[in-house]
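# Examination of the molecular architecture
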Amino acid sequence: MDLFCDSLERWIPNLRRYARALTRDREQADDLVQDCLERALSRRHLWNEDGNTRAWLFTIMHNIHANDTRRNSNRPGTVPIEDDAAQPARPPGQMLRVAGLETAAALQELPDEQRQVILLVALEGMTYGEVAETLGVAQGTVMSRLSRGRERLRRLMEDGAPGLRIVK
Amino acid sequence: MNGKPYDFDESELHAWVDGQLTEERRAAVEAALAADDGLAARAAAYREQNDEIRALFGATALEPVPRHLQPQRIAARRNRRRWLMPVAASVIWLAAGLAGGWIAHDRLGGGGATVEAARHVASQALSAHRVYAVEVRHPVEVFADEEAHLVKWLSKRLGHDIRVPDLASQGFRLVGGRLLPTADGEPAAQFMYENTGGQRVTVYVSLYHSGQETAFRYQAVQDVGAFIWLEPERGYAVAGDIPREPLLAVSRIVYDTLEAVE
C-alpha cells in the first residue's frame, strides 16, 4: 500500500464529519470531500510525510469550500452580518428546545469564519494553534472568531433559533 | 487575586471550555468561575455548544467510507483520466512502440500481480471478440431491438446495473449482447457494436475478483487490440480490430458510461 494514500484515508472520516457540519447536506459534503481528496492527490508533491496531514487536508477543503461559497454568493441576502446589533430583534415567545436542532439552526446564522473555528475546535478537537495553521490566520484571530462566534451562538440559543421557536 | 475580578483573559475561558489549559491555569479559571455565576453560566453554555455540535455531527465519522471516496480509487480514476487525454495518449504510444506489447504503466505500483490480473481479463476479452466478432448470422444472443431485456438480463446475471454505452458519436451502433463464462466460472457480458463499414468492437464486463484497481492498459494480439482496466471486483475491456486511436475514443465513452453507474 501507498503511504500517501494511507495517510489520506486515515482522515476521511474527519473530513466527512466536518464537511457535513459545514454544508449540512450529505451529498454536498461528500462531493466536497471528494474534491478535496482529488486536489490532495494532484498535489502529492507538496505533501510532507512528517507534517500535519490533517491541517493540510482541512486547508485544502476550506479553500474549495470558500470558492464554492463565493461562486454561489450571487444569490441576494447571503452576506453575513457580523454585528449582533444589526440583527433584527426577535419577538419573545416560548421555545421548544429540540436538542441539537436548535444548535444546528443557530450555527447557520453565524458567518462562515466563526462557524469554521467553532467546528474545528468542537468536532476536530484541534488546538488553537492547529486551527490557525489550517485557516492560515494568526492565533489571535482564531481566538477572537471563537469568542465572537460562541457568544453569538449563545444569544441565538437564548432568544430561540430562527424557525424553531414555537409560540404557544 | 489582588482585587482584580479575574486574572485571566477571554482566551483562557475558551481554553478551559476546550480542555486546552495547563493544570495551573485551570485552577485560576475555576476559582473565578466559582466566584462569578454569570461567567460560570457563559462557560457552561459554551461547553454545551461543544457537546451539542458533537452530538449533531459526530456520528458521520463512524459511517463506513463510501467506495468512491477511497484515495486508491480516486487515484486510479485520475490515472485513467490522464490516459484518456489524447495528447498524453499519443506520447505514450510513441514510447510504447513495441508491437503488441504491454504498456506496463501503473502508477499504483500493483506490479506483477496487477499485470497478470489485467492480462487474464484481456486474454478472455480478446478470445471472445475473435470468436464472435466474425459471426455473420449469430453474432449475439440478444439483438439490439430487445435492448431493455438485454440490459435487464445481463445486469441480473452480473449482479449490478449495467448501462449500455452509446457509441453513435464514434460511428458504432449496438448489435446486441451475450452472456459468457469466464475462465474462473463467473459470468461475463459482451456487447457488440458495428459501424457502417462492418467493423466491430466489443465491450466486455466480467465478474473478476482481482482486488486491484488499475489505470488503462492496452494489449494487442495480431490485429485485435483491447483496452483493459480493473476494478476490485470486475474486469473491463474494449476490444476491436480498429486502430488504437479510435479504440481509445470508444474506450473513453465506455469507461465514462460504466463509471457513472457505480
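Preceding this paragraph is the structure being described.
Report on the accompanying structure. (Residues numbered from 1 in each chain as written. Chains lettered and ligands numbered in written order. Predicted model: local features only at pLDDT ≥ 70, side-chain atom pairs only at ≥ 80, totals over all residues.)

Turning to the overall build of chain B, a few remarks are in order. Helix and strand content of chain B: 8 helices and 7 strands. Among the 262 residues that make up chain B, the fraction classed as buried is 35%. (Helix = DSSP H or I, 4+ residues; strand = E, 2+ residues; numbered from the N terminus. Buried ≥ 20, exposed ≤ 12 C-beta atoms within 10 Å, placed from the backbone.)

Take the overall build of chain A next. Within chain A, the regular secondary structure consists of 7 helices and 0 strands. Secondary structure of chain A in N-to-C order comes out as α-α-α-α-α-α-α. Taken over 168 residues, chain A has a buried fraction of 35%. Long-range contacts, defined as pairs at least 24 residues apart, comprise 73% of the intrachain contacts of chain A with a sequence gap of at least 6. (Contact = placed C-beta atoms within 7 Å.)

Here we come to helix α3 (residues 37-57) of chain B. Residues and elements named next belong to chain B. End to end, α3 covers 30 Å across 21 residues, agreeing with the expected 30 Å (1.5 Å per residue, within 8%). Within α3, the full set of buried residues consists of Tyr46, Gln49, Glu52, Ile53, Leu56 and Phe57. Buried positions in α3, seen along its axis, are confined to an arc of 125° and lie on one side of it. In α3, the exposed positions that point more than 90 degrees away from the buried face belong to Asp37 and Ala55. (Expected span 1.5 Å × (residues − 1). Arc of directions from axis to C-beta.)

All right, on to the sheet that holds strand β5 (residues 217-221) of chain B then. Residue and element names in this part refer to chain B. Ordered in space as β1-β2-β3-β4-β7-β6-β5, the 7 strands form an open sheet in which the pairing is antiparallel. Strand pairing shows two members of the sheet lacking a second neighbour, β1 (142-143) and β5, which therefore form its edges. Note: strand β2 (residues 173-181) against strand β3 (residues 187-194), 8 bridges, orientation antiparallel. Looking at β3, one finds that Gly176 is bridged to Met192. Helix-sheet contacts for helix α7 (residues 147-158) involve β1, β2, β3 and β4 (200-207), and the interaxial angle to β2 is about 30°. (Pairing = 2+ DSSP bridges. Axes fitted to C-alpha atoms, helices over the stretch in contact; angles between N-to-C directions.)

All names here are of chain B. Along strand β7 (residues 234-240), 7 of the 7 residues are buried, which leaves the element largely enclosed by surrounding structure. Side-chain alternation along β7 places Arg234, Tyr236, Val238 and Gly240 on one buried face and Gly235, Ala237 and Ala239 on a second face that is also buried. Two elements, strand β6 (residues 224-231) and β7, share 7 bridges in a ladder whose sense is antiparallel. Paired with Phe227 across the two strands is Val238, which belongs to β7. Here β6 hands over to β7 after 2 residues, the two strands then running antiparallel side by side.

The next thing to look at is the packing of helix α1 (residues 10-17) of chain B against α3(B). Residue and element names in this part refer to chain B. Two elements in contact, α1 and α3, have axes separated by 9 Å at closest approach and are oriented at 45°. As the angle between them shows, α1 and α3 are arranged oblique. Along this stretch, α1 crosses α3, giving a crossing that reads as right-handed. Contacts between α1 and α3 pair Leu13, Trp16 and Val17 from the former with Ala43, Tyr46, Arg47 and Asn50 from the latter. Class assignment for the residues of the contact of α1 with α3 results in 5 nonpolar, 1 polar and 1 charged. (Parallel < 35°, antiparallel > 145°, perpendicular 65-115°, else oblique. Left-handed = near helix turned anticlockwise from the far one by under 90°. Nonpolar A, V, L, I, M, F, W, Y, C, P; charged D, E, K, R; others polar.)

Read these as layout, nothing more, since geometry by itself doesn't imply function.
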